[in-house]
Structure formats: structure tokens, C-alpha cells
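# A closer look at the structure
So you can see what is in the structure, the chains are spelled out below.
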Amino acid sequence: MMNNFKMVAKTMFGFEPLLAKELKQLGASYVKEGNRNVEFEGDKGFMYKANLCCRTAVKILKPIETFKVISEDDLYKKIYAIDWSQYLNETDTLAIDGTVFSETFTHSKYVALKTKDAIVDQFREKTGIRPNVDLDHPTLRINIHIDQTNCTVSLDSSGDSLHKRGYREYTNIAPINEILAAGLLLKSGWDGLSHFHDPMCGSGTMLIEAAMIACNIPPNINREQFAFEKWKDWDVDLFEKIEESALRKIRGFDYTITGADESQSIILKAQENIENANLAEFIKINRQDFFTSEKQVDGHLHMVFNPPYGERIEVNVPEFYGKIGDTLKQNYPGSEAWFITSNLEAMKFVGLRPSRKIKVYNGKLESKFLKYEVYEGTKKLHKLNDD
């Protein structure tokens, strides 16, 4: 059995419980929620699995050293003291990401620069050759996190943010981040046990993430590369076993996943992305103005969508959100509709009372994720039928 070690999975605000649950279900031990992160333990194979299978993780970091730092000189000396030849050769490339919450260390880029200096100086003095910096495609990406005087040095096993799934080549003007989409779907309770519809599907991200959840498809199966594939201890046979095991857990889907958008050019982009994700058999999309549409299926319909906020796409907010409420109420009986908006005034115009309001962030925009239950007939009649 391989040796377990501590890891940290970074995530978005409010998604910590979702990520902790994902990690536990995948088999992580000692799972502990933090602020926009979740700590856990696992072995090398589990690190591969977490990168491949976590829907709400932004990055998976592997801490290698923790220590106190009191000055920039102290930081340099302690970084220099690490044996970097374990992780890097002098002909390799590196990139440093710094995050600081400290009165002593106030500039993350300067912290990254001092870290880089210590590492390359160590190689130059030992070998006469120094690794170069490559911000885009380094051999090793290193993360330095300073909280007051506590410094954690980690290897970044993911590389590019894990929202870069590998399927989305085409986007519209305001695409939703893949991790945000997956997290919203999980928060909405989407489990693949009903029909699903996104009436404002844009480039198709919500539909693709919904299909991957429904079928238990690893979210990063289409990704070209993870950072750990350049590490000295990269084990391609182990990774292929992890990948094969994850693919064996894919399940069938007995309902429909549909999407619509009023722009034909956007529909074509979404179709390309759906095909890139190898999900064309599960997802059907068409050109349709939501405000003239009707529910197309019998039984329960689960809806999650990302309407324009008036931020990057101009809309008349009172009129637009009023129409959303009217369309749901009149044309989508027996539906559970969720949508996200950063326009906190917009919900006033929907004309329906949300049964849940969840604070989330879309990038830096504080947003609300709203749930509307649209009953068959009146709500009073629905309650009487339940009784």
C-alpha cells in the first residue's frame, strides 16, 4: 500500500461541503473543511483520482513543507533549505504562485520572486545551471501560502485550474465557469433521476456538467494534461488504472437533458462543446426563446440556468425577470427551477417567492442562487394533494 500524505483541495466560496462530500465518496481520509479549501489525506493514486473526478475542486495541492517566517530573508533561507532536486532538475522549468495574508508579507508577487530566487540559487550553486521560469507550461508549479507567519510550500498537482475540463472550445459573451456550474447543480440536488432543462443554455456548460453528474462521468476525463504528469514520480500505469476504474463506474441515464437558446450561432457553439465532451447522445438542444416555450415532458422537470444579469449582456432587468416568472408560472407546471443572478434587485421582479436563496460568487460578483417550485395547479391544491 502506498504511503498517505496530506493534500489541500481549493474550491469556491460556499462549495466546501460539496467538495468534502465528493472527497469522502471517492475514499479520502481525514477530510476537514476550511475557507475555500478542504484538507484531506490519500496516496499518490488518490491524488490522481481527486484531479480526475472532483467536480468542485479548483486545484489539488500537495504540501511538502510548513514553517514560520518572520522576514523576507528568513523566507529565502527556509526555501533554500528544501532539497529541490527531489522534485526538479536543473534543466527543468518552474512557476511560483503566491498567496499572502500577512502584515509582514504584503505582496504575493514578491514572495513568489524570493521563492524563485532561493530555488534557482540552490541549483546554480550545486550544478552551475539554473532552472528557468515558464509561467505557462512549467515542469513544476509551486504554491507558496503565507498566513501571518505560517508558510506552507506545496506542489500544485493540477496545473491549470480544474475548471478547464477540455471540452469547451467555444464560448459566448458571458460563459459560466465549469466548476461553478457543477457546484450549482449539486447544490440544487440534481442527481440524474428526472428530466433536466436549461432554457438559456449559452455554450452548453450547464448541460454538459448535468449530463456528467447524471452518468457519473469523471469531469476531467477530456482534459489534456495534469501537472503531476511532469513530476519525477509520475506513474502512468497507476494513472491508467485509476482512469479505467473511474470509467467503469459510469452509469446509464433514463431521462432527457435538453437545452435551448434564442441565438442560432450560440446553439452551434454549444453543439460543438457537447460533441467535444462525447455527450451528444444524452443532450438535445434547439433554438428557442424561453418566453414563448413550454414544458415538453411529463412528470418532474429539474431546471438550472444562468440568465443575463445586465452586467455583460444588456437586458431590461424588471421586464426580463418579470417574464421569467410569468413563463415559469404559466408554461412550466411541475418544475423545480433554479437560477443564479448577481443582480440582487432582479429577484424582486420575478413575481414568485423563492423557496431557497443561497449566496454564491460568480467570479468576483456576489450572487444569489434561487429556487422556485412551480406546482401543477395552485400551491394550496398541491399541499392538499400531498396530505
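This is a predicted model, so every value here is computed, not measured.

Tallied over the full model, the rule gives 13 salt bridges. Among the ionic pairs, Asp156 bridges to Lys59, the shortest N-O distance being 2.7 Å. Highlighted residues: Asp156 in strand S8 (residues 150-156) and Lys59 in strand S4 (residues 59-68), separated in sequence by 97 residues.

Further remarks concern the sheet that holds strand S13 (residues 335-341). Strand order across the open sheet formed by seven strands is S11-S10-S9-S12-S13-S15-S14, with mixed pairing between neighbours. Of all strands in the sheet, those with a lone pairing partner are strand S11 (283-287) and strand S14 (356-362), marking the two edges. Taking the axes of each pair of neighbouring strands and ignoring which way they run, one obtains an average angle of 20° across the sheet. As paired elements, S14 and strand S15 (residues 365-374) share seven bridges and run antiparallel to each other. For Lys359, the partnering residue across the bridge sits in S15 and is Lys368. On the sheet, helix H8 (residues 264-276) packs against strand S10 (257-261) and S11 and is oriented at approximately 165° with respect to S11.

This part is about unusual backbone geometry. Positive phi outside glycine occurs at Arg36, with the angle close to 60°. If you trace the backbone, Arg36 turns up in the loop between strand S2 (29-33) and strand S3 (37-42). Relative accessible area serves as the criterion here: at 39%, Arg36 is assigned to the partly exposed category. Unusually for a residue other than glycine, Gln148 sits at a positive phi of about 55°. Following the sequence through the fold, Gln148 ends up in the loop between strand S7 (140-147) and S8. You can call Gln148 partly exposed: its relative accessible area is 39%.

Reading guide: rules and limits
Residues numbered from 1 in each chain as written. Predicted model: local features only at pLDDT ≥ 70, side-chain atom pairs only at ≥ 80, totals over all residues. Heavy atoms only, no water. Salt bridge = Lys/Arg side-chain N within 4 Å of Asp/Glu carboxyl O. Helix = DSSP H or I, 4+ residues; strand = E, 2+ residues; numbered from the N terminus. Pairing = 2+ DSSP bridges. Axes fitted to C-alpha atoms, helices over the stretch in contact; angles between N-to-C directions. Contact = heavy atoms within 4.5 Å. Buried < 20%, exposed > 50% of the residue type's maximum accessible area, 1.4 Å probe, protein only.

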